[in-house]
Amino acid sequence: MKWSIALFLTLALLAGCAKTVSTNLATGQGLVAGRQLGRTAVLVWFGFEANDAKGKKKIERVQEIVTTRFARLPGTTLGGDDALAKALEPLAWRDASDVELLAAARKAGCDSVALVEVAACGGELSIGLMPLPVWAVTTRFSYRLRLLDVQSGTLVQSAMRGRQTGGAYTVRGLDALMRDFDADLASVLTFAAPQAGLETH
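Residues numbered from 1 in each chain as written. Predicted model: local features only at pLDDT ≥ 70, side-chain atom pairs only at ≥ 80, totals over all residues. Heavy atoms only, no water.

**Q** Can you walk me through the overall build of the protein in this structure?
**A** Each helix and strand counted, the protein has five helices and six strands in total. Listing the helices and strands of the protein from first to last along the sequence gives α-β-β-α-β-α-α-β-β-β-α. Out of the 201 residues in the protein, the part that is buried amounts to 38%. Accessible surface computed for the protein: about 11,700 Å², of which carbon and sulfur atoms make up 57%. (Helix = DSSP H or I, 4+ residues; strand = E, 2+ residues; numbered from the N terminus. Buried < 20%, exposed > 50% of the residue type's maximum accessible area, 1.4 Å probe, protein only. Areas by Shrake-Rupley, 256 points an atom, 1.4 Å probe, with all protein chains shown as cover.)

**Q** Looking at this model, I keep getting lost on the packing of aromatic side chains. Mind explaining?
**A** Tallied over the full model, the rule gives three aromatic pairs. Ring plane angle 85 degrees and centroid distance 5.5 Å describe the contact between phenylalanine 141 and phenylalanine 181, whose orientation is recorded as edge-to-face. Taken together, the residues span a long stretch of sequence, with phenylalanine 141 in strand 5 (residues 134–149) and phenylalanine 181 in helix 5 (residues 174–188) at a distance of 40 residues. Per residue, the accessibility class of phenylalanine 141 equals that of phenylalanine 181, and both read buried. Ring pairing ties together the aromatic residues Phe141, Tyr143 and Phe181, which thus form one cluster. Lying over the aromatic face of tryptophan 45, arginine 94 brings its terminal NZ or CZ to 3.6 Å of the ring centre. (Phe/Tyr/Trp six-rings, centres within 6.5 Å; stacked < 30°, edge-to-face > 60°. Lys NZ or Arg CZ within 6 Å of the ring centre and 35° of its normal.)

**Q** What's the story with helix 4 (residues 98–107) in this structure? I'm lost.
**A** Structural remark: α-helix, 3.6 residues per turn; residues separated by three or four positions point the same way. Three or more residues of helix 4 are buried, namely Leu101, Leu102, Ala104 and Ala105. Buried positions in helix 4, seen along its axis, are confined to an arc of 165 degrees and lie on one side of it. Facing away from the buried surface of helix 4 by more than 90 degrees, the exposed residues are Val99 and Lys107. Looking one or two residues past helix 4, glycine 109 carries a phi angle of roughly 75 degrees, positive in sign. (Arc of directions from axis to C-beta.)

**Q** When you look at the packing of helix 2 (residues 55–71) against helix 5 in this model, what are you seeing that I'm missing?
**A** Packed helix pairs are characterised by how far apart their axes lie and by the angle those axes make with each other. It is at 10 Å that the axes of helix 2 and helix 5 come closest, and there the two elements cross at 25 degrees. The pairing of helix 2 with helix 5 is recorded here as roughly parallel in orientation. Handedness of the helix 2/helix 5 crossing: right-handed. Counting all contacts with helix 2, which are made through Lys57, Lys58, Arg61, Val62, Ile65, Val66 and Arg69, the residues of helix 5 involved are Leu174, Asp175, Met178, Phe181, Asp182, Leu185 and Ala186. Considered class by class, the residues forming the contact of helix 2 with helix 5 number eight nonpolar, no polar and six charged. (Axes fitted to C-alpha atoms, helices over the stretch in contact; angles between N-to-C directions. Parallel < 35°, antiparallel > 145°, perpendicular 65-115°, else oblique. Left-handed = near helix turned anticlockwise from the far one by under 90°. Contact = heavy atoms within 4.5 Å. Nonpolar A, V, L, I, M, F, W, Y, C, P; charged D, E, K, R; others polar.)

**Q** Hey, could you run me through the pattern of salt bridges in this one?
**A** When the charged atoms of two side chains lie near each other, side chains of opposite charge can form a pair. In total, this model carries eight salt bridges according to the counting rule given. Taking the shortest distance from any N to any O, the salt bridge between arginine 144 and glutamate 117 comes out at 3.7 Å. Linking arginine 144 in strand 5 with glutamate 117 in strand 4 (residues 112–128), this pair joins segments that are 27 residues apart in sequence. Take arginine 144: its relative accessible area is 34%, and that puts it in the partly exposed class. A salt bridge links arginine 163 to aspartate 184; the shortest N-O distance between them is 3.5 Å. On the criterion of sequence distance, the pair formed by arginine 163 in strand 6 (residues 155–168) and aspartate 184 in helix 5 is long-range, its members being 21 residues apart. (Salt bridge = Lys/Arg side-chain N within 4 Å of Asp/Glu carboxyl O.)

**Q** Honestly, unusual backbone geometry in this entry has me stumped. Any pointers?
**A** Peptide bonds are mostly trans, and most non-glycine residues show a negative phi. Here glutamate 89 and proline 90 are connected by a cis peptide whose omega angle stands at 10 degrees. With respect to the helices, strands and loops of the structure, proline 90 is situated in the loop between helix 3 (81–88) and helix 4.

**Q** Where do I start with the nonpolar core in this structure?
**A** Buried together is how nonpolar side chains tend to be arranged in soluble globular proteins. Formed by 28 residues in total, the largest nonpolar core has its most connected members in Val66, Phe70, Val118, Tyr143 and Phe181. Of all the secondary structure elements, the ones that give two or more residues to this core are strand 2 (38–46), helix 2, strand 4, strand 5, strand 6 and helix 5. Top element by residues in this core is helix 5. It accounts for six residues. The contact partners of valine 118, leaving out residues within four places of it in the chain, are Val44, Trp45, Phe46, Gly47, Phe48, Val62, Ser142, Tyr143 and Phe181. Core analysis: the next-biggest nonpolar cluster, separate from the first, contains 16 residues, Ala41, Trp93, Ala108 and Val113 among them. (Core = buried A, V, L, I, M, F, W, Y, C linked by side-chain atoms within 4.5 Å.)

Rendered as structure tokens:
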């Protein structure tokens, strides 16, 4: 019996595969080749609390991923976050309108403002023991990104993104979740070739 269970678990590990379900709602012109964001304030909000052993680590790593991705964009320098927040006082940036955000960004000397709201970032482990050992691991994240051009006041990009990955006998952890988030954000912040005209799909 022990050998049969061991064989079953080995086969399950080899056969286990993760299913991915993605959400992508995007509007705006997006990042077009040749556009330079200039001095960009990147403001990040987290909708989950750091109330577990990995909560604080998740927040730190997501914050690092977001700032790193924006810092890598051509013609972009990060800065003005604190000055923008001070110009908005007593409002928090999530309570401010776009008009108020843009006015504060101009005072702070920003060319662009990136607003990233991370609603969820975590995982679940489910275990069943009867009649045979079964486990399932699911990781998920969801976030909203908005990018504003300060001088023109236009919405360059707005994206609501999400991804859930997992399934029976899959092995996934924090590193896999962070890789998924980083790859997804990188795909959003990809410069597209300029279009000569409108395309019909």
